[in-house]
Amino acid sequence: MNALRRALLSGLMLITLAPACTRAAAAPPGIRTVPITIHYSRFSRDTLVVAPGETVRFVVRNTDPIDHEFILGNQHVQNVHEAGTEPYHPPRPGETTVPAGTTQTTTYTFPDVATPLTFACHLPGHFAYGMHGDVRIES
């Protein structure tokens, strides 16, 4: 009887906690979610249009058998990362390492003014291969 009671309680806990787990994966209200898939060492999009001051949650899925990264920033940020100063990127606004076969998220709040921004992968040779895209800030 104790085993049956434990099983029922475990099932009840899963049913109770499941909605909370589902909500945790969603972006907070007012934050747009943009999915990006990496396949054959390419991003699924090469441009992104955002509003001034908009906050975007990027969900980056790597379907390749090799690691990649998602780095969002101005030309200075891209130059620093292309120089190879950081082999692994802990999740922080606009930057994340995306290991093979995984999905990672990063959230970024864009400036209030039009500023040239790029998203890219700077693992050796990836940027030159074409793993980058432009962001346009438009009202």
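Keep in mind it's a predicted model, so treat the numbers as computed, not measured.

Engineer: Looking at this structure, I do not really get the overall build of the protein. What am I missing?
Structural biologist: Within the protein one finds three helices and nine strands. Seen in sequence order, the protein has helices and strands lined up from the N terminus as α-β-β-β-β-β-α-β-β-β-α-β. Look at the contacts in the protein between residues 6 or more apart in sequence, and 66% of them connect residues 24 or more apart. Summed over all atoms, the accessible surface of the protein reaches about 8300 Å², with 62% contributed by carbon and sulfur.

Engineer: What is the right way to look at the sheet that holds strand E9 (residues 132-137) in this model?
Structural biologist: Two modes of strand pairing occur in sheets, parallel and antiparallel, and in both the strands are linked by backbone hydrogen bonds. In space, the five strands of this open sheet follow the order E3-E9-E8-E5-E6, with mixed pairing throughout. Unpaired on one side and paired on the other, strand E3 (47-50) and strand E6 (95-98) mark the two borders of the sheet. Within the sheet, the average angular offset between the axes of one strand and its neighbour, ignoring direction, is 15°. Inspection of the sheet shows E3 paired to E9 by four bridges, in the parallel sense. Looking at the pairing, leucine 48 lines up with valine 135 of E9.

Engineer: I'm lost on unusual backbone geometry in this one. Help?
Structural biologist: Of note, the phi angle at tyrosine 40 is positive, near 55°, even though the residue is not glycine. Along the chain, the position of tyrosine 40 falls in the loop between strand E1 (32-39) and strand E2 (42-43). Taking the relative accessible area as the measure of exposure, tyrosine 40 reaches 63% and is therefore exposed. Positive phi outside glycine occurs at serine 41, with the angle close to 55°. Overall, serine 41 belongs to the buried group, its relative accessible area being 14%.

Engineer: Teacher, can you tell me more about the side chain of histidine 122 here?
Structural biologist: By the element assignment, histidine 122 lies in the loop between strand E8 (117-120) and helix H3 (126-129). Accessibility expressed as a relative area gives 8% for histidine 122, which makes it buried. Among the polar contacts made by the side chain of histidine 122, one reaches the side chain of glutamine 78 at a distance of 2.5 Å. Here the side chain of histidine 122 touches glutamate 82 through a polar contact of 2.4 Å, side chain to side chain. The residues contacting histidine 122, other than those within four sequence positions of it, are Glu69, Ile71, Gln78, His81, Glu82 and Phe127.

Engineer: Whenever I open this one, the sheet that holds strand E7 (residues 103-109) confuses me. Can you help?
Structural biologist: Taken together, the four strands give an open sheet; going across it, the order is E2-E1-E4-E7, and neighbouring strands pair in mixed fashion. This sheet does not close on itself; its edge strands, each paired only once, are E2 and E7. With seven bridges connecting them, E1 and strand E4 (residues 55-62) associate as parallel partners. When the sheet's bridge partners are listed, threonine 33 is paired in E4 with arginine 57.

Engineer: Honestly, the pattern of salt bridges in this entry has me stumped. Any pointers?
Structural biologist: When the charged atoms of two side chains with opposite charge come close together, those side chains can pair. Per the stated rule, a full pass over the model turns up three salt bridges. Linking arginine 92 and glutamate 95 is a salt bridge whose minimum nitrogen-to-oxygen distance equals 2.8 Å. The shortest N-O distance in the salt bridge between arginine 136 and glutamate 138 comes to 2.8 Å.

How each quantity is defined
Residues numbered from 1 in each chain as written. Predicted model: local features only at pLDDT ≥ 70, side-chain atom pairs only at ≥ 80, totals over all residues. Heavy atoms only, no water. Helix = DSSP H or I, 4+ residues; strand = E, 2+ residues; numbered from the N terminus. Contact = heavy atoms within 4.5 Å. Areas by Shrake-Rupley, 256 points an atom, 1.4 Å probe, with all protein chains shown as cover. Pairing = 2+ DSSP bridges. Axes fitted to C-alpha atoms, helices over the stretch in contact; angles between N-to-C directions. Buried < 20%, exposed > 50% of the residue type's maximum accessible area, 1.4 Å probe, protein only. Polar contact = N/O pair within 3.5 Å; in protein donor to acceptor, adjacent residues only side chain to side chain. Salt bridge = Lys/Arg side-chain N within 4 Å of Asp/Glu carboxyl O.

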